[in-house]
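# What the coordinates show
Each chain, written out:
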Amino acid sequence: SGGPLLNNKGEVVGVLVAGMSERRFFGKTGRLPQNVNYAVKTVYLNPLLQEVPELGAKIKHSDKTEVQTLDKVANEALPSVFLVETYR
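My aim in this report is to walk through the structure given alongside it, one point at a time.

Reading the values: rules and limits
- Residues numbered from 1 in each chain as written.
- Predicted model: local features only at pLDDT ≥ 70, side-chain atom pairs only at ≥ 80, totals over all residues.
- Heavy atoms only, no water.
- Helix = DSSP H or I, 4+ residues; strand = E, 2+ residues; numbered from the N terminus.
- Buried < 20%, exposed > 50% of the residue type's maximum accessible area, 1.4 Å probe, protein only.
- Contact = heavy atoms within 4.5 Å.
- Areas by Shrake-Rupley, 256 points an atom, 1.4 Å probe, with all protein chains shown as cover.
- Pairing = 2+ DSSP bridges.
- Axes fitted to C-alpha atoms, helices over the stretch in contact; angles between N-to-C directions.
- Patch = residues over 30% accessible without salt bridge, like charges linked within 9 Å, V, L, I, M, F, W, Y side chains within 5 Å.
- Salt bridge = Lys/Arg side-chain N within 4 Å of Asp/Glu carboxyl O.

Scanning the protein for helices and strands turns up three helices and three strands. Every one of the 88 residues in the protein was classed for burial, and the buried ones make up 9%. Taking as baseline every contact in the protein between residues at least 6 positions apart, the subset at least 24 positions apart corresponds to 38%. When the accessible surface of the protein is totalled, it reaches about 7,800 Å², and 54% of it is carbon and sulfur.

Listed below in structure tokens is the structure:
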């Protein structure tokens, strides 16, 4: 989906890039996967974002230490989520 993957401190630790193929998983296991997604870690994305100034990415690192509630994490992250579309 391209959405952020957040840890329990509200820090972005990855970007979601794909979901589990339900059909393939069911064919191999006889069970349906639920909420299985794949993400790219931010450690791999940060160098890319820094090299592409057109994205206007502003990377800041947090020094948060406390665990937050899911609602608080979601509300704080919402202003930082945006759609990026690419064209060939």
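Here we take up the sheet that holds strand E2 (residues 12-19). Neighbouring strands of a sheet are bound in pairs by backbone hydrogen bonds; such pairs are parallel or else antiparallel. Taken in spatial order, the three strands of this open sheet run E1-E2-E3, and their pairing is antiparallel. At either end of the open sheet lies a strand with only one pairing partner, and these are strand E1 (4-6) and strand E3 (37-41). Sheet twist, expressed as the average angle between the axes of neighbouring strands with direction ignored, equals 50°. Bridging between E1 and E2 involves three bridges; their strand directions are antiparallel. Within the sheet, the bridge partner assigned to Leu5 lies in E2 and is Gly14.

Inspection of the secondary structure assignment puts Tyr44 in helix H2 (residues 42-51). Taking the C-alpha atoms as reference points, Tyr44 and Gly14, separated by 30 residues in sequence, lie 8.9 Å from one another.

Residues Val17, Val36 and Tyr38 make up a contiguous nonpolar surface patch of roughly 250 Å² in combined accessible area. Looking at the secondary structure, you find Val17 in strand E2.

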